[in-house]
Amino acid sequence: MQNVCKDSYFTTFGSYEQMLDYHRNQSANSRWQRCKVSDLEVSPLDRGSSLVGKLGLFAPGISQEAVEDTADNLGLAMMVDHQYYPIRGTAYKSLLDRAKIGGTALPKLSRTALADVLNACLRLYHAEALLLLRDEKVAAVHSGDETDYSVLPVDELLVALQKKLDERFSGNEFEGGYCDHSLVSASWSMPGQKEELLEGYKKTLEEQGQKAVAAKLMPGIRFITSDTGVASAKVSALLAGGQYPIHIGSCISVDHRHKKSVADFADKLDQLFAQFGDSVAKLQKLLEIPLDYPVNAMTRVCKKLSMPKKAAVEAIAMYEMASGGAPATAHDVFMAMQEIPYILKTQNTPQAKMLTVEENMARALSPRWSEYDLAKGVDY
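Within any chain, residue numbers begin from 1 and follow the written order of that chain's sequence. Side-chain atom pairs in this predicted model are given and counted only at pLDDT of 80 or more, local residue features only at pLDDT of at least 70, and totals for whole chains, interfaces and linings cover all residues. Neither water nor hydrogens contribute to the side-chain values; these are computed over all heavy atoms in the structure.

A word on the sheet that holds strand S6 (residues 128-134)
And then number 1: What the three strands build is an open sheet, ordered S2-S6-S7; its pairing is antiparallel. Two strands bound the open sheet, and with one partner strand each, they are strand S2 (31-36) and strand S7 (137-143). The average undirected angle you get between the axes of adjacent strands in this sheet is 25 degrees.
And then number 2: Where S2 lies against S6, six bridges are found, and the strand directions are antiparallel. The pairing criterion is simple: DSSP has to find at least two bridges between the two strands. A run of H or I in DSSP becomes a helix once it reaches four residues, and a run of E becomes a strand once it reaches two; helices and strands are each numbered from the N terminus. Orientation is described by axes fitted as lines to C-alpha atoms, over the contacting stretch for helices, and by angles from 0 to 180 degrees between their N-to-C directions.

See below:
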């Protein structure tokens, strides 16, 4: 796996074992370090910085490539134990949180000015910070208070999830995994439970002439986590088989806060698995909700759920062209909305943004569709 030090790095996994080995190695080679916020010292590391050419000032193991990559991206370094570490872009928000500052003007400052502002503010606070040092850089600057941030190692979460899956869904299959410097995700399918979980829904689809759609559907789950502050440890129910997996129902999540542990995450999984059938039932219920103005309803629901405008407008236009605006069901509209994440994926939308869209999309199972099924059109 190449270029781990680069901010643009990502990798994918074809097997659970491969993903677990990767994250076990990553955990072993990562370092969590506590220090006082007031002791943090930031320096400019842009192309004009004198640090770029002085690798000897950096901690052992940090390469010139990592230094130059940071100079081309965030452009900041941090002194830790009297040695410099480049700061990865994933640490920027948490660093601002420790300094208790923010605003759109900050990124516009020169790196020297930004470092001066950060240092002046950091020195005001004597609370603890928790640094994540990983892949040659500072990856996060969390609060050091255990009630504010709890470390949930990715490898331990993966082991807990696989154990629970094996207990509840025998024969489950790992579909694929992904990670970059800010986010980790993986998905599993449950072919052995297809009939148990989807029997009623499939039968209704077949009765409505959607036999081909019904045949493709497969229950599954998606796992997402981050130890840089992008996401909590969460798992959501999926239906695979279409262009893009469909998130059904709400996800279970364990925040990296309040002294939460991997055991808390494992306990939450029982809740999701118990509700899987209910989530499918909600999707099936949409087949019974008629809509006289489905295009207008789709537009209003997309606005309500804050779907990205350009992708949503494109998906609405595709649905209107295909359906001609004829009366339909809420299920038809919900399935048409699944084009939105597919469109975003083809545009190489960042995974963190995709995560938000997918979670918002699942909320479309629950609205009062009659409130959106209005004759009057609406601009997006």
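Considerations on the pattern of salt bridges
And then number 1: By definition, a salt bridge exists where a carboxyl oxygen of Asp or Glu is found within 4 Å of a side-chain nitrogen of Lys or Arg. Within this structure, the stated rule accounts for 14 salt bridges.
And then number 2: The partner of Lys6 in a salt bridge is Glu65, with the nearest N and O atoms 3.9 Å apart. Remark: Glu65 occurs in helix H2 (residues 64-71) and Lys6 occurs in the segment before strand S1 (10-13); sequence separation between them is 59 residues.
And then number 3: Overall, Lys6 belongs to the partly exposed group, its relative accessible area being 28%.
And then number 4: The closest approach of N and O atoms between Asp270 and Lys164, which form a salt bridge, is 3.0 Å. With a gap of 106 residues between them, Asp270 in helix H8 (residues 262-285) and Lys164 in helix H5 (residues 154-168) connect regions that are remote in the sequence.
And then number 5: One salt-bridge network, in which partners are shared between bridges, spans Asp7, Asp69, Arg88 and Lys137. Whether a residue is buried, partly exposed or exposed follows from its accessible area with a 1.4 Å probe, protein chains only, as a fraction of its type maximum: under 20%, in between, or over 50%, in that order.

Description of helix H10 (residues 309-323)
And then number 1: To estimate how far a helix should reach, multiply one less than its number of residues by 1.5 Å. Taking 1.5 Å as the rise per residue, H10 with 15 residues should run 21 Å; its terminal C-alpha atoms sit 21 Å apart, in good agreement.
And then number 2: Residues of H10 that are buried include every one of Ala311, Ala312, Ala315, Ile316 and Tyr319, and no others. Seen from one end, H10 has its buried residues packed into an arc of 135 degrees, which puts them on one side. Exposed side chains of H10 directed beyond 90 degrees from the buried face belong to Lys309, Lys310 and Met321.
And then number 3: Note on contacts: a residue pair qualifies if any of its non-hydrogen atoms lie within 4.5 Å across the two residues. Considering only its buried residues, H10 is in contact with helix H9 (294-304), strand S14 (328-329), helix H11 (330-337) and helix H12 (339-346).
And then number 4: After H10 finishes, the residue Gly324 shows a positive phi value of roughly 70 degrees. Taking the helix axis as origin, the arc is that swept by the directions to the C-beta atoms.

So, the sheet that holds strand S5 (residues 83-86)
And then number 1: Within the open sheet, the three strands sit side by side as S3-S4-S5. Their pairing is antiparallel. Either end of the sheet is taken by a strand with one partner, and the two such strands are strand S3 (41-44) and S5. Adjacent strand axes in the sheet meet at a mean angle of 35 degrees when their direction is disregarded.
And then number 2: Two strands pair when backbone bridges link them, and strand S4 (residues 76-80) and S5 are joined in this way by four bridges, in the antiparallel orientation. The residue of S5 that forms the bridge with Met79 is Tyr84.

Some words on the packing of aromatic side chains
And then number 1: Aromatic contacts are taken between Phe, Tyr and Trp rings whose centres are within 6.5 Å, Trp giving its six-membered ring; a plane angle under 30 degrees counts as stacked, one over 60 as edge-to-face, and the others as tilted. Scanning the model with the defined rule gives 10 aromatic pairs in all.
And then number 2: Between the aromatic rings of Phe10 and Tyr178, the centroid separation amounts to 5.9 Å while the plane-to-plane angle is 25 degrees, which identifies the pairing as stacked. Highlighted residues: Phe10 in strand S1 and Tyr178 in strand S8 (residues 173-180), separated in sequence by 168 residues.
And then number 3: Ring plane angle 50 degrees and centroid distance 6.0 Å describe the contact between Phe58 and Tyr84, whose orientation is recorded as tilted.

Considerations on the state of the cysteines
And then number 1: To count as a disulfide, a pair of cysteine sulfur atoms needs to be within 2.5 Å. Under the criterion given, the structure shown has zero disulfides.
And then number 2: No disulfide involves Cys179; its sulfur sits 14 Å from the nearest other cysteine sulfur, which is in Cys5.
And then number 3: On the accessibility criterion, Cys179 (1% relative accessible area) is buried.
And then number 4: As a non-bridged cysteine, Cys302 has Cys251 as the owner of its nearest cysteine sulfur, 20 Å distant.

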